[in-house]
Each structure stands twice: as structure tokens, then as C-alpha cells.
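Architecture at a glance
What follows is each chain in one-letter form.
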Amino acid sequence: MPILNKDMQVCISLAARPTNLGTRFHNFLYDELKLNFVYKAFTTTDLEGAVRGIRALGFRGASISMPFKEAIIPMLDDLEPSAKAIDSVNTVVNNEGVLTGSNTDYEAVLALLNNTSIDRSSKVLVRGSGGMAKAVVAAFKEAGFKNLTVIARNKEAGSGLATKYGYAFDEDALNEFFDFLVNVTPIGMSGGNEAELAFSEELIASASSVFDVVASPAETPLIAAARAQGKNLITGAQVHALQAALQFEKYTGVKLSPEQIARASEFSRA
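Nothing here was measured: the structure is a model prediction, and the numbers come from that model. (Residues numbered from 1 in each chain as written. Predicted model: local features only at pLDDT ≥ 70, side-chain atom pairs only at ≥ 80, totals over all residues. Heavy atoms only, no water.)

Formed by 33 residues in total, the largest nonpolar core has its most connected members in Leu113, Val136, Phe140, Phe145, Phe180, Val182 and Phe211. Among the elements that line this core, the one with the most residues is helix α5 (residues 131–143), at nine residues. (Core = buried A, V, L, I, M, F, W, Y, C linked by side-chain atoms within 4.5 Å. Buried < 20%, exposed > 50% of the residue type's maximum accessible area, 1.4 Å probe, protein only. Helix = DSSP H or I, 4+ residues; strand = E, 2+ residues; numbered from the N terminus.)

Right, let's get into the packing of helix α1 (residues 21–32) against helix α9 (residues 236–252). Where α1 meets α9, the axes come as close as 11 Å, and the angle between the chain directions of the two elements is 50 degrees. Judged by the inter-axis angle, α1 sits oblique to α9. Crossing of α1 over α9 shows right-handed handedness. From α1, Leu21, Gly22, Phe25, His26, Leu29 and Tyr30 reach across to α9, where they touch His240, Ala241, Ala244, Ala245, Gln247, Phe248, Tyr251 and Thr252. Across the contact of α1 with α9, the residue classes break down as nine nonpolar, five polar and no charged. (Axes fitted to C-alpha atoms, helices over the stretch in contact; angles between N-to-C directions. Parallel < 35°, antiparallel > 145°, perpendicular 65-115°, else oblique. Left-handed = near helix turned anticlockwise from the far one by under 90°. Contact = heavy atoms within 4.5 Å. Nonpolar A, V, L, I, M, F, W, Y, C, P; charged D, E, K, R; others polar.)

Moving on: the sheet that holds strand β12 (residues 232–235). One open sheet accounts for six strands, arranged β9-β8-β7-β10-β11-β12; its pairing is parallel. Both edges of this open sheet fall to β9 (168–169) and β12, since each of them pairs with a single strand only. The pairing of strand β7 (residues 123–127) with strand β10 (residues 180–183) spans four bridges and is classified as parallel. Across the sheet, the residue bridging to Val124 is Phe180, located in β10. Seen against the sheet, α9 touches β11 (209–212) and β12 and runs at an angle of roughly 50 degrees to β12. (Pairing = 2+ DSSP bridges.)

On to the sheet that holds strand β1 (residues 9–14), then. One open sheet accounts for six strands, arranged β2-β1-β3-β5-β6-β4; its pairing is mixed. The two strands at the open ends of the sheet, each matched to only one other strand, are β2 (37–42) and β4 (78–79). As paired elements, β4 and strand β6 (residues 98–102) share two bridges and run parallel to each other. Directly across from Leu79, in β6, lies its bridge partner Gly101.

With respect to the helices and strands, the residue Ser122 is situated in the loop between α4 (104–114) and β7. On the basis of relative accessible area, Ser122 is assigned to the buried category, the value being 9%. For Ser122, the side chain forms a polar contact with the main-chain oxygen of Asp119, separated by 2.7 Å. When residues no more than four places from it in sequence are discounted, the contact partners of Ser122 are Asn147 and Asp179. (Polar contact = N/O pair within 3.5 Å; in protein donor to acceptor, adjacent residues only side chain to side chain.)

Let's shift gears to the pattern of salt bridges. Applying the stated rule across the entire model yields 12 salt bridges. Across the pair Glu80 and Lys250 runs a salt bridge, and its minimum N-O distance is 3.0 Å. Residue Glu80 is found in the loop between β4 and α3 (81–84), and its partner Lys250 is found in helix α9; the two are separated by 170 residues along the sequence. Using a relative accessible area of 28% as the deciding quantity, one classes Glu80 as partly exposed. Connected via shared salt-bridge partners are Glu80, Glu107 and Lys250. (Salt bridge = Lys/Arg side-chain N within 4 Å of Asp/Glu carboxyl O.)

Looking now at the environment of Arg55. Looking at the secondary structure, you find Arg55 in helix α2 (residues 47–57). Taking C-alpha positions, Arg55 is 18 Å from Gln247, a pair spaced 192 residues apart along the chain.

Looking at chain direction, β7 and strand β8 (residues 147–151) are connected through five bridges and run parallel. Residue pairing for β8: Lys123 is matched across the bridge by Asn147. Traced from β7 through α5 to β8, the parallel crossover comes out right-handed. (Right-handed = clockwise from strand over helix to strand, strands pointing away.)

Coordinates in, geometry out; function isn't part of it.
Have a look at this one:
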């Protein structure tokens with residue numbers, strides 16, 4: 001990485017619980033491509049002040065994580081279609097003081113779905129109702145999946161999410177069988193309930209495809225169980241790497257190759 005200098009462009013992340021995944025991903029590639037950029041993770045209790053700082057100090061961009069993805073919208077100047085589609089921002093780009101929000105989580109999930117041959121008539125179950133669930137459900141809608149059911153602990157949020165995109169909400173869905181299982185909850189995530197399965201062994205056995213948005217660990221219990229049974233897989237690690245690559249392109253103008261994305265993703269988890 002270049003020695004810190006006055007011309008170096010700064011990108012940051014804002015999250016309630018910062019991690020090093022994005023920091024390592026972006027800085028690895030800045031170094032490899034010899035770009036005069038640096039990336040640093042932050043948390044804040046003053047989102048409005050942080051956004052003023054991005055604008056005032058000329059930071060090039062910011063990755064936005066929960067719980068700031070919706071709250072930041074009124075503080076921005078413009079939204080790309082990906083953010084408008086789900087009323088949620090995970091990426092901010094600063095062009096000479098004009099802050100534009102987008103959502104590369106949505107863009108990444110949509111790209112991964114569009115790159116699969118999974119039947120669009122598949123019966124899909126999405127577990128979860130938070131901000132990431134909104135990105136996932138919206139991407140399934142845009143990708144042409146017609147038969148999707150949402151189940152969530154928060155009945156109001158889950159039913160609202162399903163209704164927004166013309167899908168069903170079913171409190172008893174875990175007692176049914178589905179072709180495509182999607183976990184958009186923290187179940188299986190490092191640091192709490194990493195040993196838990198988001199779906200029962202019976203549901204996994206009956207499905208043909210499994211998608212777990214949990215990115216850490218890369219091999220969640222759900223993904224491990226589904227892999228052992230030879231299911232079609234989309235992993236949270238894939239989503240995280242692709243959304244980070246899309247952010248990287250927005251910040252730097254450099255489109256990454258699959259090999260560069262893979263190397264940066266591997267380094268970020270080392």
C-alpha cells in the first residue's frame with residue numbers, strides 16, 4: 001500500500017459492529033492494483049455527523065451496515081435504482097460533495113440468482129424479515145421467481161415484507177416442504193449460534209437448492225449440511241465477495257476479475 005499522502009482517497013464503513021472483512025478485502029486490492037486508496041472501518045452513535053464528515057472531508061465512499069441502511073437515506077442527495085427498489089442503502093459514493101446511495105447486496109443477490117439455472121417456478125421459502133431479507137426477496141422478485149413464502153419471528157415485519165413484493169407469509173411454513181430454502185437470519189453466524197441449523201434436516205433433504213446469506217463462517221451448518229447432500233448452493237461468502245467487488249468498482253472505477261475477487265475474498269477471511 002502507498003505511504004499515506006495528501007492525495008490518497010479514503011473509503012470507510014459504518015456499522016454497529018465493525019469487522020475486518022471489508023477492510024481486508026478492499027485494502028488487499030488497493031495494494032495489488034497499486035491504487036492510492038485506503039479503507040477503514042468505523043462505528044458511530046451519530047450517523048448524521050458521520051455523513052456530514054464524509055461530505056466535508058471528501059471521503060470517496062462508505063459501506064453502510066445495519067442499523068444505518070434505511071436511516072441514512074434522508075441524508076443523501078440521490079439514490080440509484082438498486083436502493084430505490086428496496087428503500088435501503090449499503091453503499092455511498094461521494095462525487096465532489098454529492099452523495100449517492102445504492103445497494104450492492106441487492107445487486108449481488110440478483111446477479112447470483114440470474115447466473116443459476118434454478119427453475120423460476122421453484123417453491124421458495126425465505127426465513128427472515130430484516131434489511132437483508134428485503135434485498136433478498138426483492139432480488140427473487142426481479143429474477144422472476146413466482147412462488148415464494150416468507151416466514152419470520154417478527155410477524156408484522158414478515159407479513160409486510162411478503163405483501164410488499166406480492167408473496168405469501170406463513171407462520172407454519174417450517175412444517176412444509178420447499179424446493180429452495182433461503183436463510184436470511186443470524187442462525188449459524190459466528191459469535192452466537194454458529195452450531196444451529198436454520199432449517200431442519202428433513203427440510204434440507206427435501207429441497208434441491210439452498211441459499212444462506214450468513215457470510216461468517218463461510219461454511220455455515222446449513223451450507224455444510226446442504227453440500228453433503230449435493231444441493232445447489234448460494235453462500236453468504238459469495239454474496240459478500242460480489243457485493244464488495246461491486247462497491248470497489250463504484251469507488252475506484254475498476255471492474256474486478258473473478259480471480260481478483262476470489263483472492264481478495266480468501267485474504268479477507270485468512
